[in-house]
Amino acid sequence: MARHLPTGGYPLTTNPDLAKERTRATFDPLKITHLLDGSPQATQRRRQLEALIENDPTNIFSNQDNAYLHRTERHIRGLAKHVRLIELCRSIGIGSKTNGEVILDEDWFKLLAAVADDLPTALHWVMFVPNIISLCDEEQKREWLPMCRDWKMIGCYAQTELGHGSNVRGLETTATFVKDGGGCQQGGGKTDFKGGSWIIHSPTLTSIKFWPGTLGRTCNHAMVIARLIDGDGIDRGMHNFLVQTRSLQDHSLMPGVTCGDIGPKIGYNNMDNGFAKFDHVVIPRRNMAMRFATVDENGKYTKKTVSDAASKISYITMMQVRALIVMNSSQILRMGTTMAIRYSAVRRQGFKSNHDDGNGGGKQTTLEENQILDYKQQQYRLFPLLAASYCFFFTAKKVSANLKAIEGRLMKLTTEGGKEGKGGITISKTEVGDIHATTSALKSFCTTIASDGIEDCRKACGGHGFLQSSGFPEMITSYLQNPTVEGDNQMLPMQVVKILLKLVKDAKVGNTKDWEHTDAKYLLEPVVQQLLSSNPKSNDNEKKNHKTCRAQSKTDMTNVHILRAAYQHRAARLLVNVAQQIEQDVKEGGKSFDDAWNGALIQMGRVSRAHSLYLLFDNFVSGIQQEQKQNVTNILGPNEANVLMDLALLFGLYWMEKDMGDFLEDGYMNAQQVTWIRSCIMDMLDKIRPNAVALVDANDFSDFKLKSALGRYDGNVYPAIVEASKKDPLNATEPGPGYGQHLKRLIVDGVGVYSGTMSRL
């Protein structure tokens, strides 16, 4: 029987190739682990929480059989994991510092990461509770947040409809106000609420809510985005409404609500992405989120007068979700490169050749095979992704810190009742718009690179990467949603450029003060130069002031200032080109603004990419330098800083080579400089090679978290692959499960025996 195939079990020692790789490192991986976690104490705490999950006596958190379970079983297992997780949180005091709310505790996300599986309840803390906190008034929060804390109310965020996604203004679901005693109908019976009600209705097939996570089978409430029709019949646009979808006693559907799971997806199948149709569902008037707008008992709509600061807080909260997505792109790339680089150090292929034996016999071939990590094409596939995984970390860290700082300033204004400018505190629309452009550009670029990158990691593992036991198939298919959720990656560049075009407009008239404390400030000087050099009214000196790359030698191409200047020039030039293209199409081409905008969409994608790459490279380099300056706790030593800077240089050089046309197009670079860039990339691959395994070890991913036979810390991949195959239910019986019913008819009963020529139909 296949399950009895001998493997000798797992060796008690580490694979010798992997062990040797670890001795070659020029730095201490644990110091980078502390950097990634935030401190040595944070590393210790994370490991404690991971051990709690991995060693839980119920064994509920085991992921060993995931590949062999039907999605219904995976969903049920996911619910069991969530319930057990909450039990553990209560038993060890998670949430005790946050009034019992575990999802606001700093350890919550560490525990979620430790579970290493998707939980069907995720939208409750990702979107539902944050919406109540951001958009509901104090009375509503006092009523609903305790229910969320105690897990009596489990919610989702229901915006997307069957026929409408990113275009929020196109949503069709309606919330129509009716006065007290208005005779609302719900489920065949007269139902209304004192003080007025809302009728939530899905008027068309395309208005059915479709795709929200947690909606299908798990939640009992939904934050529904619907078109508000007030007591005067006036459409007031999109607002949030809390709708109970299931009974709190037996989880049965509420009258007028039809919802369920949308069916199997490419991946992420623990999650019950759902549909919901509302047939004149009646909810209380006060179930409208009323922090920024109210409707009274008579149906009168009033938009509250709130400070600019208060209105910006909810906007910043949404940007934090995108910053989290950027950090997740770092995490998934770090996991993928860990698996691929460890396997590449263990896997051998192609025999080595010795030097000439000196006796005229030519080169002699030995029986020793090459580690595939020694092949340059393998390094070229993996090391830039390794660099990107660290680069995304530094950028996500900085963006999150910027958002937290802005939120803190806004909260200070709202809690103290101050006006912007008082006490030196100001948050301009330009600053908020800039962080929106930053998070939009980075979300689009980083999730694209991460989703493509983990697939490249799989391919780099050859045939074994196609196995479920490699860990790649589930990782890839579960992550593939990220280029679409929270803004489609092809649409976000429009939002980026729309904001950056304001910078061009302001630069033309010298009104740049508000941009001086933004991420986009690096564009100001080169944009002005681009405008002057392309303006026919400029003098000859201004027109001749054409920038070119300052590199005079190959060594210069590893100067971070030269690389940064190149990315700066490229981003500014492409941005000005878009501005001029739209202006010319309207003024000279006779196009409408919409047509001109549409004609520039592809170029906008290039601008957003260029903006992202400048920010990423700049944040990577400055992040390393800042860690060195602030290194009071000795987390990052000079050796660690050097190896991280090697990754930063590889990142900068690699993406410059990938987009070389942008740098050659206007003569900023020349052919010789291109040659130097390619040569420098090869040099960086050589420098990174001895540290490659140690750099992925620094991520400190446990085997439990990786769920990969190829990425095991001990490198014993081949026993792990065979052990995984033995677990397949297809190998449970001998002969196989289809033999008696089907295969026997061919082999024994002879239904396939040829008996001579027969007449054809």
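Everything numeric in this text was worked out from a predicted model, so none of it was measured.

Draft legend 1. Here's a closer look at the overall build of the protein. The helix and strand tally for the protein stands at 24 helices and 15 strands. Expressed as a percentage of the 761 residues in the protein, the buried residues total 51%. When contacts within the protein are restricted to residue pairs at least 6 apart in sequence, long-range pairs at least 24 apart make up 73% of them. Summing over all exposed atoms, the protein offers an accessible surface of approximately 35400 Å²; the carbon and sulfur share of this is 52%.

Draft legend 2. The packing of helix α18 (residues 638-658) against helix α20 (residues 671-688), seen in detail. In the contact formed by α18 and α20, the axes pass within 9 Å of each other and the chain directions differ by 145°. In this structure, α18 crosses over α20, and the sense of that crossing is left-handed. Within the contact between the two elements, α18 uses Asp646, Leu647, Leu649, Leu650, Leu653, Tyr654, Met656 and Glu657 and α20 uses Ile677, Arg678, Cys680, Ile681, Met684, Leu685, Lys687 and Ile688. The class makeup of the residues in the contact of α18 with α20 is 12 nonpolar, no polar and 4 charged.

Draft legend 3. The packing of aromatic side chains, seen in detail. By the definition in use, this model includes 14 aromatic pairs. Ring centres of Phe445 and Trp655 lie 5.5 Å apart, and the angle between their planes is 70°; this geometry places the pair in the edge-to-face category. Remark: Trp655 occurs in helix α18 and Phe445 occurs in helix α10 (residues 429-459); sequence separation between them is 210 residues. Of the two residues, Phe445 and Trp655, neither departs from the other in class, the shared state being buried. Lying over the aromatic face of Tyr713, Arg22 brings its terminal NZ or CZ to 3.7 Å of the ring centre.

Draft legend 4. Main features of the confidence of the model for the protein. Here the protein averages 91 in pLDDT, and 90% of its residues register 70 or above. This model gives residues 185-190 a pLDDT under 50, and the stretch forms 12 contacts once residues within four places in sequence are excluded.

Draft legend 5. Representation of the layout of surface pockets in the model. By volume, the second largest pocket is sized at about 590 Å³. Around the second largest pocket, the lining comprises 27 residues; the ones closest to its centre are Phe445, Thr448, Ile449, Asp452 and Arg609. When contributions to the lining of the second largest pocket are tallied by element, the ones reaching two or more residues are α9 (376-416), α10, α12 (492-509), α17 (601-629) and α18. Looking at the lining of the second largest pocket element by element, the count peaks at 8 residues for α10. Tallied by class, residues from the lining of the second largest pocket come to 13 nonpolar, 8 polar and 6 charged.

Draft legend 6. The arrangement of the sheet that holds strand β10 (residues 274-278) in detail. Ordered by their spatial adjacency, 3 strands build an open sheet running β6-β10-β9, and the pairing between neighbours is antiparallel. Edge positions in the sheet fall to β6 (209-210) and β9 (257-261), since each of these pairs with one other strand and no more. Note: β6 against β10, 2 bridges, orientation antiparallel. Note on β10: the bridge partner recorded for Phe210 is Phe275.

Thresholds, definitions, all that
Residues numbered from 1 in each chain as written. Predicted model: local features only at pLDDT ≥ 70, side-chain atom pairs only at ≥ 80, totals over all residues. Heavy atoms only, no water. Helix = DSSP H or I, 4+ residues; strand = E, 2+ residues; numbered from the N terminus. Buried < 20%, exposed > 50% of the residue type's maximum accessible area, 1.4 Å probe, protein only. Contact = heavy atoms within 4.5 Å. Areas by Shrake-Rupley, 256 points an atom, 1.4 Å probe, with all protein chains shown as cover. Axes fitted to C-alpha atoms, helices over the stretch in contact; angles between N-to-C directions. Left-handed = near helix turned anticlockwise from the far one by under 90°. Nonpolar A, V, L, I, M, F, W, Y, C, P; charged D, E, K, R; others polar. Phe/Tyr/Trp six-rings, centres within 6.5 Å; stacked < 30°, edge-to-face > 60°. Lys NZ or Arg CZ within 6 Å of the ring centre and 35° of its normal. pLDDT = per-residue confidence, 0-100. 1 Å grid on protein atoms, 1.4 Å probe; cavity = no way out; pocket = protein on both sides within 12 Å on 5 of 7 lines; lining within 4 Å. Points joined across faces, edges and corners; volume = space filled by probe spheres on them. Pairing = 2+ DSSP bridges.

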